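# Structure at a glance
Take a look at the letters that make up each chain.
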Amino acid sequence: MTTNQNTDELQPGQGAEAATPGQPQLTEEELQQMIAALYQHGELALRSFYQDEYEVDGQVVNHPMYGPLFTYRLLDANKNPHSVGFFMNELVHNFQKNEDPALWMSSFFVDILRGERSRLLPPPPQNEEEAKYLFDQIIVPHCAKMCRAEFEDEPVHVDIDIHPDHGPVVEAGFPSIREGNNVVAMPFHYLLALHLLNRDTADPLITGLYKIREEHGLDA
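The shown structure was predicted, so the numbers you read here are calculated from the model rather than taken from an experiment.

## Some details on the sheet that holds strand β4 (residues 81-87)
Reading across the sheet, the 3 strands line up as β2-β3-β4 and stay open at both edges, with antiparallel pairing between neighbours. Looking at the sheet topology across the chains shown, the edges are occupied by β2 (55-63) and β4. On average, each strand axis in the sheet is tilted by 20° relative to the strand beside it, whichever way the strands run. In the sheet, β2 pairs with strand β3 (residues 67-75) via 9 bridges, with the strands oriented antiparallel. Across the sheet, the residue bridging to Val 60 is Phe 70, located in β3. Against the sheet, helix α2 (residues 88-97) touches β3 and β4, its axis set at about 85° to β4.

## Focus on α2
Looking at α2, one finds that the buried residues are Met 88, Glu 90, Leu 91 and Asn 94. The buried residues of α2 occupy an angular sector of 165° when the element is viewed end-on, so they sit on one face. Exposed residues lying more than 90 degrees from the buried face of α2 are Gln 96 and Lys 97. On its buried face, α2 is in contact with α1 (28-50), β3, β4 and α3 (101-107).

## As for the confidence of the model for the protein chain
Chain-level pLDDT for the protein chain is 88 on average; 87% of the residues reach the 70-or-more range. Throughout residues 7-22 the model reports pLDDT below 50, and contacts reaching past four residues in sequence, or to other chains, amount to 33 contacts.

## Let's talk about the pattern of salt bridges
Following the criterion strictly, the structure yields 6 salt bridges and no others. The salt bridge involving Lys 79 is made with Glu 55; its shortest N-O contact spans 2.4 Å. Taken together, the residues Lys 79 in the loop between β3 and β4 and Glu 55 in strand β2 connect sequence positions 24 residues apart. Lys 79 sits in the partly exposed class, given a relative accessible area of 48%.

## Comments concerning the environment of Gly 85
Its place among the elements puts Gly 85 in strand β4. Take Gly 85: its relative accessible area is 0%, and that puts it in the buried class. Between the C-alpha atom of Gly 85 and that of Phe 108, which follows or precedes it by 23 residues, the distance is 9.0 Å. Among residues more than four places away in sequence, those in contact with Gly 85 are Phe 70, Thr 71, Leu 121, Leu 197 and Arg 199.

## Focus: the side chain of Arg 199
Here Arg 199 lies in the loop between α6 (188-196) and α7 (203-215). Within the structure, Arg 199 has its side chain in polar contact with the side chain of Glu 90 (distance 2.7 Å).

## Quick word on unusual backbone geometry
Excluding glycine, residues mostly have negative phi values, and the peptide bonds linking residues are mostly trans. Residues other than glycine seldom take positive phi values, yet Lys 79 does so here, at roughly 65°. A positive phi angle, near 60°, is found at Asn 198, a position not held by glycine. Mapped onto the elements, Asn 198 comes out in the loop between α6 and α7. Residue classification places Asn 198 among the buried residues on the basis of a relative accessible area of 10%.

## Quick notes on the pairing of β4
Burial runs high along β4: 7 of the 7 residues are buried. Neither face of β4 is left uncovered, since the one carrying Pro 81, Ser 83, Gly 85 and Phe 87 and the one carrying His 82, Val 84 and Phe 86 both have all their residues buried. Sheet topology note: the β3/β4 ladder contains 7 bridges and is antiparallel. Its bridge partner being in β4, Tyr 72 is matched across the sheet by Val 84. With antiparallel pairing between neighbouring strands as the criterion, β3 and β4 make up a hairpin whose turn holds 5 residues, including Lys 79 at a positive phi of roughly 65°.

## What to know about the environment of Val 183
With respect to the helices, strands and loops of the structure, Val 183 is situated in strand β7 (residues 183-187). In this structure the C-alpha to C-alpha distance between Val 183 and Leu 209, which are 26 residues apart in sequence, comes to 7.4 Å.

Analysis parameters
Residues numbered from 1 in each chain as written. Predicted model: local features only at pLDDT ≥ 70, side-chain atom pairs only at ≥ 80, totals over all residues. Heavy atoms only, no water. Pairing = 2+ DSSP bridges. Helix = DSSP H or I, 4+ residues; strand = E, 2+ residues; numbered from the N terminus. Axes fitted to C-alpha atoms, helices over the stretch in contact; angles between N-to-C directions. Contact = heavy atoms within 4.5 Å. Buried < 20%, exposed > 50% of the residue type's maximum accessible area, 1.4 Å probe, protein only. Arc of directions from axis to C-beta. pLDDT = per-residue confidence, 0-100. Salt bridge = Lys/Arg side-chain N within 4 Å of Asp/Glu carboxyl O. Polar contact = N/O pair within 3.5 Å; in protein donor to acceptor, adjacent residues only side chain to side chain.

As structure tokens, then:
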């Protein structure tokens, strides 16, 4: 299908090395202090929300593309773990702008805690074959299912494409929109990062689809 892609949606979370415009670059020591303080804010936020039922711990790991990733774990009374991870930039944004960052963080644990089994962070694919299986059999089918369920009264196109700057992407769009932007696309590497953080890979696509509808006045 011929489309106009929303390339703004192809800008996932930046790593910690990305300085705020107009501000000086952090030294390594300042950066590590910022990361430690941000991790503590996240842990305290989750403890304030779950302290009566779960223990909270976690760690910070460094991703070659996205910089520090903050992973948190809730342990129930039987020490069963339930884990979710976050990008640094989204934590910074929500602690600065969100009136209730603890509620925002806790929302990502809701579906996991409703499950019958504990949920550790999934292991990364070890080779190209495993990565291909993950996208072909898990990530792309899930994105297609959730996007179409979200807009069940509107046909939704979901496919794989190659973006000139971002490489392989999963795209979703509305064939009924023939003028202007009608597709949102997410790079494979971003969706893989979300998957490895126990996050819903369909969420950014669904958010992008709602933005498209808003741009065209379809949900007014």
